[in-house]
Structures are given as C-alpha cells and as structure tokens.
Amino acid sequence: MKKTMKQAACVLMAAMVLTACGSSGQSSAPATTAAPATTAAPAAAETSGEKAEAPAAPAAGGFDASSFPSAPVTLVVPWKVGGGSDVSARAAANVFKNFTGGQPLVVSNIEGGSGVQGVSEYLTYEPSPYSLLSWATAQTIKTHMQDTKFSALDFRPICGFVADSPYILVRTDSQFQTIEDLVEYAKANPGMLTIGNSGTGGGNHLAALQLCLATGIEVNHIAYEGGAASSSAVLSGEIDCSMNMPAEGLASVEAGELRMLCLFAEKRSDFWPDVPTAKESGIDVVNNQTRGVVINKEVPEEAAKALEAIFEKACQDESFKQSLKDLNINGVWLDAEAYGKTIEEENALYQEIVKSNGLGDKY
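A brief structural summary.

Analysis parameters
- Residues numbered from 1 in each chain as written.
- Predicted model: local features only at pLDDT ≥ 70, side-chain atom pairs only at ≥ 80, totals over all residues.
- Heavy atoms only, no water.
- Helix = DSSP H or I, 4+ residues; strand = E, 2+ residues; numbered from the N terminus.
- Buried < 20%, exposed > 50% of the residue type's maximum accessible area, 1.4 Å probe, protein only.
- Contact = heavy atoms within 4.5 Å.
- Areas by Shrake-Rupley, 256 points an atom, 1.4 Å probe, with all protein chains shown as cover.
- Salt bridge = Lys/Arg side-chain N within 4 Å of Asp/Glu carboxyl O.
- Phe/Tyr/Trp six-rings, centres within 6.5 Å; stacked < 30°, edge-to-face > 60°.
- Lys NZ or Arg CZ within 6 Å of the ring centre and 35° of its normal.

## Concerning the overall build of the chain
Moving on, step 1. Assigned secondary structure in the chain consists of eleven helices and twelve strands.
Moving on, step 2. Looking at the chain as a whole, 53% of its 363 residues are labelled buried.
Moving on, step 3. When contacts within the chain are restricted to residue pairs at least 6 apart in sequence, those whose partners lie at least 24 apart make up 78%.
Moving on, step 4. As displayed, the chain offers around 15,300 Å² of accessible surface, 49% of which is attributable to carbon and sulfur atoms.

Below, the structure is given as structure tokens:
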C-alpha cells in the first residue's frame, strides 16, 4: 500500500485540484480538447472565439438498444486534463470499449469557469445518447456559489463511480492527537484555530464549514491555491491543520511528517485502515465528494438505461478498479437511482452551507 500511496501522490499532487479546475473572468474562449481516453494529452486545442462543434452522432430516430452504440460516445469533462474528474473518466473510458463492441468513449475536456463553461456548452448540444456529461460535487457546489443557467437537478443521472472523502491533516508533532482534541481547542478558543483549504467555496472549504456547523466551533479558514499548497502550509507550521482530498499531502503522510487526524467518511478507508472516521468520535459529519456521469434529460429513458448497463460492466472491470486504486481514488458503483439520490442530497447540503455562511453571490 505504501508503494501505491507514493505513486498516487506523485501522479496527482501537482494536478489534482478538485474545486478549482478551471478559470473564470477570462475574455477569450475556453480551451476545448477532445482525445481518446488512452492518450496522455489532448490531440488538439481550440483557441479561436468560435464555439466548439457538438460531438457527431448517428441521425435521430427511434432508439435501438440492440445496435447501441454504433458510433463513438463522447463524454464532456468540464475540467482540465489531469484533474480528478479527468483521470477517473479516462480510467472508465479505457475499458468502456470492451463492452460496446469496440466503440470508444471519447473524453472531451472543456475547461473554464470552475466547470461552468463545459456544462454550459454541453447544454447547447442536441440531446443524444452519444453525448454525455461528467458531473462532480464541485459542480453542484458551483451552482450555489453563483447564479448559473443550470442546477444539479437539471440532468438525468446515469451512474456514479467515485466517492472520495476529505481528511484533516496536522503535523506529526501537533498538539491535536485526535479530532476531539481539535474540536475542544476550537470551542475554548473561538476563531483561533487555523484550517487551510484549496480555495474559498471549494469542496474542502465547504467540508470544513460542515464540520463547524456540526460541532458549533468557529475557526479561521485560510484559502490557498490548491490542496497541495494548503498541506504544505501545515507542514511548514504556517497553519494548524488543513482539510484535504486524495492525494493532497499523502507524500508527507508517508514520510511521517503529516498525520491524518480523521476521515469524513461513513466507514474507514481500505487505503488508511488506521485512520478513524469523524463519526467514530461522535461527530456526525460525512462528506462524500462524488463523480459520475449524467445526460440531457430529453434523452429517452431506454437509452439512459442502456448506458447505465454499459457503465456498470465497465465499473466492475478489474482493470478499472485497479486504475482507481493506483490513484488512491475510492471507486464505488452507484446506479442511476442511487446516484440521483446522492446528487439531490448533496445539492441540499451545499445549498444550506453556502446560504448559512453567506458565501458566493447567488443568495
């Protein structure tokens, strides 16, 4: 496991910024890339001001499950190449063709606006079972941080296949040996505890706010440009602790310089079986940051079910599972119904957190 942990940290430390994978406020058109999942980088990048063309698909007509798919299926990932959503989508795409008679799943990266640009462009495409959209918790959060033209509930869920939970990192020599120690200190010293995150309004920030709401503590949230930067600030002693996601800070954990205080998951992780959950300490906080696939609601239900069946086979494939393990990504299988319920629950959760803390400019 140590070897796996090191590999994962090296692969993702520099690239995986789950809640800030795009840029906003730019006047130029977003970079749009599309490439087969097996390529390490996009084949081309669109830099002109013209909107990208929608993926080609067979002519509209009655859906025939027996011949589906008869052409490549495109998955729009509204984040940059190398981010968490991208690498997990490509892991699925690498086995997708094994269950479609050879038809590939083509990953198309459309970055910009912290996921907003890619989703907005996807909505201009003709509804088709050949055009899918990658969805992540960070996108749900964004719909509450600003007034987007879409909500998390505007799409038909296909499946979910990743559910990672954040953890709190402290220095190995920290006075906080348990999450109870940290909460007790924060209650006795309101506003004194400094906790880092990967950016205001991002998943790590809102997970920390969720902890504050559940325990009644008041802390000083410090935003950094990415989770790697916040974990480094803990290591240097600049802040007391940091809320992080895999694989942020794992190299320092492996080196014995940082320690995971607790994991905000329903149960302990197979990756870190010695790290307790917050619930074990009596703190009722579970935070699952999910990733999966959705589709335009106008696509027929029978087409959505056919896609769900393909993804179920792909996600049960041992090579896909191993790919996620190698990246320290927690793979799960959520069918359309379960993933839809998950999106609804996280939509309500983050709406409450954003509203109650006066974040963003939507409410």
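## Some words on the environment of Glu257
Moving on, step 1. Tracing the chain through its elements places Glu257 in the loop between α8 (250–254) and β10 (258–263).
Moving on, step 2. Those residues within four positions of Glu257 in sequence are excluded, and the remaining contacts are Val170, Arg171, Thr172, Leu235 and Ser252.

## Notes on the pattern of salt bridges
Moving on, step 1. For the structure on display, the rule yields six salt bridges.
Moving on, step 2. Here Lys321 and Glu318 are joined by a salt bridge, their closest N and O atoms 3.7 Å apart. With Lys321 and Glu318 both in helix α10 (residues 318–326) and three residues apart, this pair spans about one turn of that helix.
Moving on, step 3. Residue class for Lys321 comes out partly exposed when judged on its relative accessible area of 32%.
Moving on, step 4. In this structure Glu318 comes out as exposed when scored by relative accessible area, which is 56%.

## Some thoughts on the packing of aromatic side chains
Moving on, step 1. One pass over the structure, following the stated rule, counts twelve aromatic pairs.
Moving on, step 2. Three or more aromatic residues joined by ring pairs make a cluster, and in this case those are Tyr122, Tyr125, Trp135, Phe150 and Phe155.
Moving on, step 3. Directly above the aromatic system of Tyr363 lies the positively charged group of Lys355, at a separation of 4.9 Å from the ring centroid.

Keep in mind that these numbers describe shape and distance, not what the molecule does.
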